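Examining the three-dimensional arrangement
Single-letter residue listing:
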Amino acid sequence: MNQAFSDQTELDPVEPHIERSPEELRALYRARNDSARRMGARHGLWIAVSVYLLFAISDMMLIPDVAPYTIAARFLIGALVLTVIELQYRVREETIWLDVTCALALVSGYLVWLLPAAETTYVHTFSYYMIFGSIFMMGANLFFNLEFSVSVIASGFILLIFLFALFDFSDDWAYRLTMVIFYVSCFTFTSYVNLKLNRERYNVFLKALEAEARQNEAIERGQALLRLSRTDSLTGLKNRRAIDESLRDFWREWKQSNRNFAAILIDVDHFKKFNDYYGHQEGDGCLVFVAEALSNALNGYEATIGRYGGEEFLVLARARSRKQIADLCETMRRAVEDLGLVHEKRHDGVAVVTVSIGGAFTRKQIGTKFEKIIHEADRALYLAKANGRNCVRLFNPNDLEFGEESEDIAAWLNLAIPQDLVSLVYQPIVDIRTGRMEAVEALMRLKAPDGSSISPNLFVPIAERTGAIVELGRWVIETACRDMLMENRIEMVTVNVSPIQLRATGFAASVAAILSETGVSGDRLAFEITEGLDMEQQPEIGECISDLRALGINIWLDDFGTGFASLSWLRLIDFDTVKIDRSFLHDASMPRGRAMFQDMISLVRNHGHRILIEGVETEEQMALLRKLGIDKAQGFLVGRPVPAKSYPTRTLADASESRKLA
Ligand code: C2E
Ligand code: MG
Ligand code: MG
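Residues numbered from 1 in each chain as written. Chains lettered and ligands numbered in written order. Predicted model: local features only at pLDDT ≥ 70, side-chain atom pairs only at ≥ 80, totals over all residues. Heavy atoms only, no water.

1. Examining the overall build of the protein chain
Going by this rule: Numbering goes from the N terminus for both helices and strands, where a helix is a DSSP run of H or I of at least four residues and a strand is a run of E of at least two. As a reference, a globule follows 2.2 Å times the number of residues to the power 0.38, and the radius of gyration itself is taken over C-alpha atoms. Relative accessibility thresholds used throughout: buried, under 20% of the residue-type maximum; exposed, over 50%; partly exposed, between the two (1.4 Å probe, protein chains only). Contacts are assigned to residue pairs with any non-hydrogen atoms lying within 4.5 Å of each other. The positive count covers Lys and Arg only, the negative count covers Asp and Glu only, and His and the chain ends enter neither. Here the site of a charge means NZ on Lys, CZ on Arg, CG on Asp, or CD on Glu.
Counting its secondary structure elements, the protein chain contains 23 helices and 14 strands. Relative to the compact-globule value of 26 Å for 662 residues, the protein chain shows a C-alpha radius of gyration of 49 Å, a clear excess of over 25%. Projected onto the principal axes, the alpha-carbon positions of the protein chain cover approximately 160 × 50 × 45 Å. For the protein chain, with 662 residues in total, the buried portion stands at 47%. Contacts spanning at least 24 positions in sequence make up 71% of the contacts within the protein chain whose residues lie at least 6 apart. Here the protein chain carries 71 positive and 87 negative side-chain charges, and the mean point of each set is 3 Å from the other.

2. Here's the deal with the nonpolar core
This is how it is decided: Among buried residues, those of type Ala, Val, Leu, Ile, Met, Phe, Trp, Tyr and Cys that are joined through side-chain atoms within 4.5 Å constitute a nonpolar core.
In this structure, V493, F527 and F597 are the most contacted members of the largest nonpolar core, which totals 77 residues. The element that contributes the greatest number of residues to this core is helix α15 (residues 468-486), accounting for 10 residues. Setting aside anything within four residues of it in sequence, one finds V493 in contact with Y426, V440, A442, A480, M484, L485, R524, L525 and A526. In terms of nonpolar packing, the next biggest core, distinct from the first, is built from 42 residues, V66, Y129, M130 and M137 among them.

3. With respect to the site of ligand 1
Inclusion rule: Near residues are defined by distance, with any heavy atom within 4 Å of the molecule or strand qualifying the residue. Two N or O atoms count as a polar contact when they lie within 3.5 Å, although within protein this holds only if one can serve as hydrogen donor and the other as acceptor, and sequence-adjacent residues are included solely when both atoms are side-chain atoms. Throughout, the Shrake-Rupley method with a 1.4 Å probe supplies accessible areas, and for residues the shown protein chains are the sole cover considered. Classes in brief: Ala, Val, Leu, Ile, Met, Phe, Trp, Tyr, Cys and Pro nonpolar; Asp, Glu, Lys and Arg charged; the others, Gly included, polar.
In the vicinity of ligand 1 there are 22 residues, among which N496, D558, R582, E617 and F636 approach most closely. Here D559 contributes a side-chain N or O atom positioned 3.1 Å from an oxygen atom of ligand 1. Coverage of ligand 1 by the protein amounts to 85% of the 790 Å² it exposes when considered alone. Secondary-structure elements contributing two or more residues to the shell around ligand 1 are β7 (437-447), α14 (456-466) and β11 (554-560). Considering each element in turn, the shell around ligand 1 owes the most residues, 4 residues, to β7. Here the residues of the shell around ligand 1 are counted per class, giving 8 nonpolar, 6 polar and 8 charged.

4. Observations concerning the coordination of the magnesium ion (ligand 3)
The reference angle at a metal is 109.5 degrees if four donors form a tetrahedron and 90 or 180 degrees if six donors form an octahedron. Short version of the rule: In this description, a donor is an N, O or S atom within 2.8 Å of the metal centre, a cutoff extended to 3.2 Å for sodium, potassium and calcium. Water is not part of the atom list, which can make sites seem incomplete.
At the metal site, the magnesium ion (ligand 3) is ligated by D558 (OD), D559 (OD) and E614 (OE), and these contacts range over 2.0 to 2.4 Å. On the primary sequence, the residues serving as donors to the magnesium ion (ligand 3) are separated as D-D-x54-E. The magnesium ion (ligand 2) is placed at 3.8 Å from the magnesium ion (ligand 3), the two being bridged by D558.

5. Remarks on the packing of helix α5 (residues 133-143) against helix α7 (residues 173-229)
The condition is simple: Structural elements are reduced to axes, namely lines fitted to C-alpha atoms, with helices fitted over the stretch in contact, and the angle between N-to-C directions of any two is expressed from 0 to 180 degrees. Angles below 35 degrees are treated as roughly parallel, those above 145 as roughly antiparallel, those between 65 and 115 as roughly perpendicular, and all remaining angles as oblique. Whether a crossing is left-handed or right-handed is set by the direction in which the near helix is turned from the far one by less than a right angle, anticlockwise for left-handed and clockwise for right-handed.
Interaxial distance between α5 and α7 falls to 9 Å at its minimum, and their mutual angle equals 15°. With respect to α7, the element α5 is oriented roughly parallel. Crossing angle aside, the handedness with which α5 passes α7 is right-handed. Between α5 and α7, the contacting residues are G133, S134, M137, M138, A140, N141 and L142 on the first element and F182, Y183, C186, F187, T190, S191, V193, N194 and L197 on the second. For the contact of α5 with α7, a count of residues per class yields 10 nonpolar, 6 polar and no charged.

6. Section: the packing of aromatic side chains
Counted only if it meets this: Here a pair means two rings of Phe, Tyr or Trp (six-membered ring of Trp) with centres within 6.5 Å. Their orientation is stacked below 30 degrees between planes, edge-to-face above 60, and tilted elsewhere. Only lysine NZ and arginine CZ atoms are considered, and such an atom sits over a ring when it is within 6 Å of the ring centre and within 35 degrees of the ring normal.
Going through the model one piece at a time under the given rule, you end up with 20 aromatic pairs. Geometrically, the ring pair formed by Y277 and Y278 is edge-to-face, given 4.8 Å between the ring centres and 80° between the ring planes. According to the relative accessible area criterion, Y277 is partly exposed, its value standing at 43%. One aromatic cluster in this structure is built from F55, W113, F126, Y129, F132 and F169. Positioned above the aromatic ring of Y202 is the side chain of R26, whose terminal nitrogen or guanidinium carbon lies 4.0 Å from the ring centre. When the ring centre of F636 is taken as reference, the NZ or CZ atom of R640 above it lies at 3.8 Å.

7. Some thoughts on the layout of surface pockets
Definition in use: Only protein atoms enter the 1 Å grid used here, on which a cavity is any set of points holding a 1.4 Å probe that cannot leave and a pocket is any open set flanked by protein within 12 Å on both sides along at least five of seven lines; residues with an atom within 4 Å of a point are listed as lining. Grid points are joined across faces, edges and corners, and a volume is the space filled by probe spheres set on the points.
Estimated volume of the second largest pocket: approximately 410 Å³. As for the second largest pocket, its lining consists of 22 residues, of which A48, Y52, L106, I135 and F136 are closest to the centre. At the level of secondary structure, the elements contributing two or more residues to the lining of the second largest pocket comprise α1 (22-62), α2 (67-90), α3 (95-117) and α5. Counted by class, the lining of the second largest pocket contains 18 nonpolar, 3 polar and 1 charged residues.

8. Structural notes on the sheet that holds strand β5 (residues 392-394)
So the rule is basically this: Here, a strand pair is defined by DSSP locating no fewer than two bridges between the strands.
Taken in spatial order, the 5 strands line up as β2-β3-β1-β4-β5 in an open sheet, and their pairing is mixed. Only two strands of the sheet have a single neighbouring strand rather than two, namely β2 (303-307) and β5. The average undirected angle you get between the axes of adjacent strands in this sheet is 15°. One ladder, built from 7 bridges, connects strand β1 (residues 261-268) with strand β4 (residues 355-361); its direction is antiparallel. From the neighbouring strand, V268 faces β4, where its bridge partner is V355. Sitting on the sheet, helix α8 (residues 240-257) touches β1, β2 and β3 (312-318), and the angle it makes with β3 is about 25°.

9. Some thoughts on a nonpolar patch on the surface
For the record, the criterion: Only residues above 30% relative accessible area that lack a salt bridge enter a patch, with like-charged residues linked at up to 9 Å and the nonpolar side chains Val, Leu, Ile, Met, Phe, Trp and Tyr linked at up to 5 Å. The rule for a salt bridge is simple: a side-chain nitrogen of Lys or Arg has to be within 4 Å of a carboxyl oxygen of Asp or Glu.
A cluster of nonpolar side chains, contributed by M138, L142, Y192, V193 and L197, occupies part of the molecular surface with about 410 Å² of accessible area. Listing elements by their share of the nonpolar patch, those giving two or more residues are α5 and α7. Element by element, the count of residues in the nonpolar patch is highest for α7, at 3 residues. Its location among the elements puts V193 in helix α7.

10. Some words on the confidence of the model for the protein chain
Just so we agree on the cut-off: pLDDT runs from 0 to 100 and stands for how confident the predictor is about each residue.
Mean pLDDT for the protein chain: 88, with 92% of residues reaching 70 or above. Below a pLDDT of 50 lies the segment residues 1-17, which in the model reaches 42 contacts outside its immediate sequence neighbourhood of four places, other chains included. Contacts of residues 658-662 to residues separated by more than four positions or lying in other chains number 15 contacts, the stretch itself having pLDDT below 50.

11. Some points on the coordination of the magnesium ion (ligand 2)
For the magnesium ion (ligand 2), the full set of protein donor atoms is E441 (OE), N496 (OD1), E528 (OE) and D558 (OD), and the range of their distances to it is 2.0 to 2.2 Å. As a motif over one chain, the donors of the magnesium ion (ligand 2) read E-x54-N-x31-E-x29-D. Overall, N496 belongs to the partly exposed group, its relative accessible area being 29%. The exposure class assigned to E528 is buried, which follows from its relative accessible area of 0%.

12. Section: unusual backbone geometry
Phi is positive for N258, which is not a glycine, with a value near 60°. Relative to the helices and strands, N258 is located in the loop between α8 and β1. The residue D559 is not glycine, and still its phi comes out positive at about 50°. We classify D559 as partly exposed; its relative accessible area is 22%.

13. Focus: the domain arrangement of the protein chain
Stated formally: The split into domains, and so the bounds of each, comes from an automatic or database assignment of domains.
By the assigned domains, the protein chain splits into domain 1 (22-211), domain 2 (240-402) and domain 3 (421-661). Between domain 2 and domain 3, the C-alpha centre-to-centre distance is 37 Å.

14. Side note on the environment of D450
In this fold, D450 is placed in the loop between β7 and β8 (453-454). For D450, a relative accessible area of 64% corresponds to the exposed category. Once the C-alpha coordinates of D450 and R322 are considered, the two residues, 128 residues apart in sequence, prove to be 36 Å apart.

Below, the structure is given as structure tokens:
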């Protein structure tokens, strides 16, 4: 069912009404009327023969002496012509021969009746009765719809037969003249009317043909427009509207006849950078190649594809098994990678265009709305991107990261601030040399409406995905300023700031507003930023960091060593402090781990940053840090995260005097 390139993209010029030659038109006219004429001839002859036989009654009344002969002649000729026409009809004889049979029936019917009738002794009566011969003439010209030439020849013969009979039968010149005039005018008029009728019928046919051609044009044009309105003009694939319709169809079939399918979202990795660097024309070309590779990959599958958004495609595929869809996704991923379209600007070690793919399946509890499957595919796609891109993720409701719980969490996050579900705890950070509590780290806590607490490792990524982190992050900064800094519980608070916040427009301005509202000076705040794969390539993040620096805010690097881009981050941004991830300290209990830990410290130190070690839990660890000359420490040994009220309020003077840990 791969219709990707079968749909036409351009509005086809509608085939003009083909001019036909008069001969062709005539042939078409005959062909179109053929079956009607055959039936007309056959039925007409049956009616004509019936009427012809009925006239046996008038024979008996007007010429009773020869009536047995005329009636016998009537039956004989009637039976004969009906037998012939039925045979012709059955063996599919050409229509013209059916016409000839009708014409012969009229001529012979007249002749065969006239011969015995003329022998009657009722001469006077017969002289009137002869007028009825004109009915045969009318029959040929007007009753039957015969070929014009055939009807004119038939009525001409009837005229001739009549004239012979007339001159043989009567010597009365006045009678002869009257009858000749009557018969000749009858012949002329009926032939003329026949001609006109034939022309009229032909004109009606031409008009109908014209109307039909116009209607066909309109239909073709309508279809071409419909095709265009459902096609993506760039790639030739279905557009969003059309693929949405297909999704509805797949969904309906699944609901009605349990035909499972998968919805697969495909996103071109780092497409914006491709577009910015190579230009829009190249960008368009890239999408066309990707579209072609994807739809070729669908060959052999019962699937359809459409362009879902800018650089996003949606594939709907009938799924017999999860494995089959996983294979399809992998085939598509490889097909794009194998194109080898150069992408020099992505800085993640891959130099070609690739795609991230997220798929979801129909399953019993998936809900009643078809958007649900797209939502799940979208979540899988999100994880594929978070996993380093150029990979496939399939939605699995049993995975924690996909769990139904995260749906609930996403909903709670939206209500977290007004419903007091969110709160802050603060964990001390000490200067190792002096033992002084230098700062506290604000850590967010979320509780479910039933009071149970949810780990930040679970809810922070969800808040980042839904965008709720922007509002929550703002709330964290404001609350930390009010609870800790305005109250002078501590000199400095560090706040975790997600890359999503740094990218959100107006973030620095909202921080400035909080500072001015609370009267807290910017240098009492530090923002902890976790290195991310993408951040280096996003100029807006760099700009935001400079704006924050201009407000006096300190910028710290969190969880150093866990991400991808550590070193380039150190080079690009002048961090005040670098927090080395706690996993390195924990590994330092082993000789190899310790060497690694020391290397890491020298590296950061050589860049001139102050160093904070997270996750200090034991005295041995603290002794090691002292030995290595580390500046700051944080961890359960120093203090667990606790609410603001656990820190006494003081004047700043008090604070600097007495904030030494026991
Ligand atoms: P993080 O910024 O690295 O925070 C330190 C985490 O280590 C905290 O976990 C803290 O409770 C834990 N921790 C501190 N000392 C020790 C120790 O000695 N041993 C061990 N095993 N763990 C220790 P928490 O509070 O669960 O936070 C986890 C992560 O969630 C944070 O890592 C941070 O990345 C994120 N997060 C927390 N609050 C926020 C927030 O307000 N905004 C943002 N964007 N992220 C936040
Ligand atoms: Mg932190
Ligand atoms: Mg950390």
